[in-house]
Amino acid sequence: MSDQIKFIVDNLNKEPFKKNYNLITFDSLEPMQLLQVLNDVLAEIDPKQVVDIREEMPEQTAKRMLSLLGILKYKPPGNATDMSIFRQGLVIGSKPVIYPVLHWLLQRTSELKKRAYLARFLIKLEVPHEFLQDETVADTNKQYEELMEAFKTLHKECEQLKTSGFSTAEIRKDISAMEEEKDQLIKRVERLKKRVETVQNHQRMLKIARQLRVEKEREEFLAQQKQEQKNQLFHAVQRLQRVQNQLKSMRHAAADAKPESLMKRLEEEIKFNSYMVTEKFPKEMENKKKELHFLQKVVSEPAMDHSDLLELESKINEVNTQINQLIEKKMMRNEPIEGKLSLYRQQASIISRKKEAKAEELQEAKEKLANLEREVSLKTNQTREFDGTEVLKGDEFKRYVSKLRSKSTVFKKKHQIIAEFKAEFGLLQRTEELLKQRHENIQHQLQTIEEKKGISGYSYTQEELERVSALKSEVDEMKGRALDDMSEMVKKLNSLVSEKKSALAPVIKELRLLRQKCQELTQECDEKKSQYDSCAAGLESNRSKLEQEVRGLREECLQEESKYHYTNCMIKNLEVQLRRATDEMKAYVSSDQQEKRKAIREQYTKNIAEQENLGKKLREKQKAVRESHGPNMKQAKMWRDFEQLMECKKQCFLKQQSLASIGQVIQEGGEDRLIL
């Protein structure tokens, strides 16, 4: 509240109010005085509000102020009950009501002046419908609306001209230059006419040349129309191809995909489009609007001199020094919380940049996809023109793809079965080799034991007997033997598995140790990665600072270029002025009278002589009026006296007539007698 009062007092002490208030005197104002201050501010916005509120009823004052605030679109806080409190506070001059109104009015005085000025002409008078049945009233209302629309357009043009930066001096210079060019063209046309008049049949040749020019213009117009129609045809063909590609892609997606995949794809597209609409495009729009606003501001400002540029440079240097001082203070503080926050901010900025980069890559990929689809359509058209064979598309291509997929799945299954068989065959072959080696070792050991015991050949004879008995019982025990072989094989495999487990136990222990070491290394890697990310963020911030410096240097370069172009324009203007001055001197010095008459000095001397003659005539006329003023006034007075005398005679005559109608008046000896 204190800041609000301070702002109000500061603005009231400035032009055009000059109230000389301070915070104490302003706060001690009575309600009537406060209402008068509010009325003065409203009168500055709208001159119709210049009223002394002591001579006005409070209800009328409140009604007048409320109507103007409604026109100015002031919105008091609160609902309907607060509106009634606002009206009562405005009537009695309540400070909580008037202070916000004054603060709002003084913040945007120039804007509200413009709004009040436009409201006088753009607030439409509502005419009842029954009055509009009259033709004259309806015509007048229609004319009133047309004038209102005309005022709108004229006001817009006026504002555009005000902000365009054109000055009357420049327009006058342009007009004078155009007049000189017009004179030169007229002279050139006259010289050409004189040359052409000496040629035979010049009228006929002029007519043919005119017809040739008309036909050339018509040819250019027709060529332009042809080019426009070609462009329209090209765009229509591109649009048709795009729509056909979209239709094919949608059919293909609908035929192959499931509802879940379609929903997932649609959700991804919706997310991407929502990101583009809600984040990327608004940022780009804001940047473009800022650039447009800055350019409009630059265009609307008048041309800057060297002194203005020096002033701006000094201001920029001051602001840069202030920024450097603030940065040094911040670095001196070196608060850890701010450092953490800066790290998080940098990481967030890096993530947002990566997100924008990925969005741009996706947009580029979509554009590349569209270009590739366009190229595919062109290639298909070319193949159809050359070979006559059509490329598979639509349902045929889908059938072909489904056949390939089914064959590829069958091939993968068969290939997997073959790989399993190969692995099993290799395993069995390896077990067979191991068993053979073991058998050979056992036989060799048995032979050595038999030789030691002195019964060599016993195993061989035992084998022969077993072989004979085996041959004898081979047919009976074939099935049982097969089962026994399988059980033996299973036992052997189990023994092998147990051996492998016992062999792999130390390897598993080592693997556990390695896993623990891997976990420690992953933790250390995460820590290093976080350190790397923080370092990368710091480097990114340094890079952004360097980019800002580069941007500042580029802006300085652009400013220097603008200064260079400005000096060149000034030099050209001075050259034009010097050329005009030399032309004036030539015209003034030349012996040709027509050239002398066109000189600006001769024109000005002629105008001066005409004005001097006119002044002399007016002085003579003034002298004659002064001399005849006294007699004319006397004559006018005599005429007025004569008029009064005649009026008196008229009244006397009328009175005599009225008396004669009543009776006869006889005057004798100074007496009047009435005879009825």
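Residues numbered from 1 in each chain as written. Predicted model: local features only at pLDDT ≥ 70, side-chain atom pairs only at ≥ 80, totals over all residues. Heavy atoms only, no water.

A.B. asks: What's the story with the overall build of the chain in this structure? I'm lost.
C.D. replies: Of the regular secondary structure elements, the chain holds 19 helices and two strands. Considering only contacts within the chain whose residues lie at least 6 apart along the sequence, 56% involve residues at least 24 apart. By element, 58% of the accessible surface of the chain is carried by carbon and sulfur atoms, the whole surface being about 57900 Å². (Helix = DSSP H or I, 4+ residues; strand = E, 2+ residues; numbered from the N terminus. Contact = heavy atoms within 4.5 Å. Areas by Shrake-Rupley, 256 points an atom, 1.4 Å probe, with all protein chains shown as cover.)

A.B. asks: Mind showing me how you'd approach the pattern of salt bridges here?
C.D. replies: A side chain with one charge can pair with a side chain of the opposite charge if their charged atoms come near. This model, assessed by the stated rule, comprises 11 salt bridges. In this structure, Lys113 and Glu44 form a salt bridge, with 3.0 Å as the shortest nitrogen-oxygen distance. Of this pair, Lys113 sits in helix H7 (residues 109-122) while Glu44 sits in helix H3 (residues 31-45), and the two are 69 residues apart along the sequence. A relative accessible area of 33% means that Lys113 is categorised as partly exposed. Looking at Glu44, the relative accessible area reads 27%, which means it is partly exposed. Overlapping salt bridges bring together Glu313, Glu560 and Lys563 as one network. (Salt bridge = Lys/Arg side-chain N within 4 Å of Asp/Glu carboxyl O. Buried < 20%, exposed > 50% of the residue type's maximum accessible area, 1.4 Å probe, protein only.)

A.B. asks: Help me out: how do you make sense of H3 in this one?
C.D. replies: In an α-helix, one turn spans 3.6 residues, which is why side chains three or four residues apart end up on the same side. Between its terminal C-alpha atoms H3 stretches 21 Å, which fits the 21 Å expected from 15 residues at 1.5 Å a residue. If you check which residues of H3 are buried, you get Leu34, Leu35, Val37, Leu38, Asn39, Val41, Leu42, Ala43 and Ile45. (Expected span 1.5 Å × (residues − 1).)

A.B. asks: For this particular structure, what's the right way to read the nonpolar core?
C.D. replies: Soluble globular proteins tend to bury their nonpolar side chains together. Leu12, Phe26, Leu38, Leu72, Leu102 and Leu105 are the most contacted members of the largest nonpolar core, which has 33 residues in total. At the level of elements, helix H1 (2-13), H3, helix H4 (58-71), helix H5 (80-92), helix H6 (95-107) and H7 are the ones that each hand at least two residues to this core. For this core, the element with the highest residue contribution is H6, accounting for eight residues. Excluding anything up to four places from it in sequence, Phe26 contacts Ile5, Ile8, Val9, Leu12, Tyr21, Leu34, Tyr99 and Leu102. (Core = buried A, V, L, I, M, F, W, Y, C linked by side-chain atoms within 4.5 Å.)

A.B. asks: Help me understand the packing of H1 against H6 in this model?
C.D. replies: Between two packed helices, what matters for the description is the angle formed by their axes and the separation of those axes. Viewed as axis vectors pointing N to C, H1 and H6 meet at an angle of 55°, and their least axial separation amounts to 10 Å. If you check the angle between H1 and H6, you find them oblique. Crossing hand, H1 versus H6: left-handed. Facing Gln4, Ile5, Phe7, Ile8, Asn11 and Leu12 of H1, the residues of H6 in contact are Tyr99, Pro100, Leu102, His103, Leu106 and Gln107. For the contact of H1 with H6, a count of residues per class yields eight nonpolar, four polar and no charged. (Axes fitted to C-alpha atoms, helices over the stretch in contact; angles between N-to-C directions. Parallel < 35°, antiparallel > 145°, perpendicular 65-115°, else oblique. Left-handed = near helix turned anticlockwise from the far one by under 90°. Nonpolar A, V, L, I, M, F, W, Y, C, P; charged D, E, K, R; others polar.)

A.B. asks: What is the right way to read a negative patch on the surface from this model?
C.D. replies: Judged by side-chain charge, Glu179, Glu180, Glu181, Asp183 and Asp583 come together as a negatively charged surface patch. The biggest single contributor to the negative patch is helix H9 (residues 168-197), with four residues. Its location among the elements puts Glu179 in helix H9. (Patch = residues over 30% accessible without salt bridge, like charges linked within 9 Å, V, L, I, M, F, W, Y side chains within 5 Å. Lys, Arg positive; Asp, Glu negative; His and termini not counted. Charge placed at Lys NZ, Arg CZ, Asp CG, Glu CD.)

A.B. asks: Whenever I open this one, the packing of aromatic side chains confuses me. Can you help?
C.D. replies: The description of an aromatic ring pair rests on the distance of the ring centres and on the angle between the ring planes. Under the criterion given, the structure shown has five aromatic pairs. What links up through ring pairs into an aromatic cluster is the set Tyr21, Phe26 and Tyr99. (Phe/Tyr/Trp six-rings, centres within 6.5 Å; stacked < 30°, edge-to-face > 60°.)

A.B. asks: Would you explain the side chain of Ser541 in this entry?
C.D. replies: Considering the arrangement of structural elements, one finds Ser541 in helix H16 (residues 478-589). Here Ser541 falls in the buried class, since its relative accessible area comes to 16%. In terms of polar contacts, Ser541 uses its side chain to reach the backbone carbonyl oxygen of Gly538, at 2.5 Å. (Polar contact = N/O pair within 3.5 Å; in protein donor to acceptor, adjacent residues only side chain to side chain.)

A.B. asks: So what exactly am I meant to see when it comes to a nonpolar patch on the surface here?
C.D. replies: Nonpolar side chains collect at one region of the surface, where Met263, Leu266 and Ile270 lie side by side and expose about 310 Å² of accessible area between them. Considering the arrangement of structural elements, one finds Ile270 in helix H11 (residues 259-300).

A.B. asks: What am I meant to see in unusual backbone geometry here?
C.D. replies: Residues other than glycine seldom take positive phi values, yet Asn20 does so here, at roughly 55°. At Lys73, a residue that is not glycine, the phi angle is positive and equals roughly 65°.

A.B. asks: I would appreciate a short explanation of the confidence of the model for the chain in the present structure.
C.D. replies: Note: predicted coordinates in regions of low pLDDT should not be interpreted at a detailed level. Taken residue by residue, the chain gives an average pLDDT of 79. The fraction at 70 or more is 84%. Ranking the helices and strands of the chain by mean pLDDT puts helix H18 (residues 600-627) first, with 87, and strand E1 (residues 664-668) last, with 57. (pLDDT = per-residue confidence, 0-100.)

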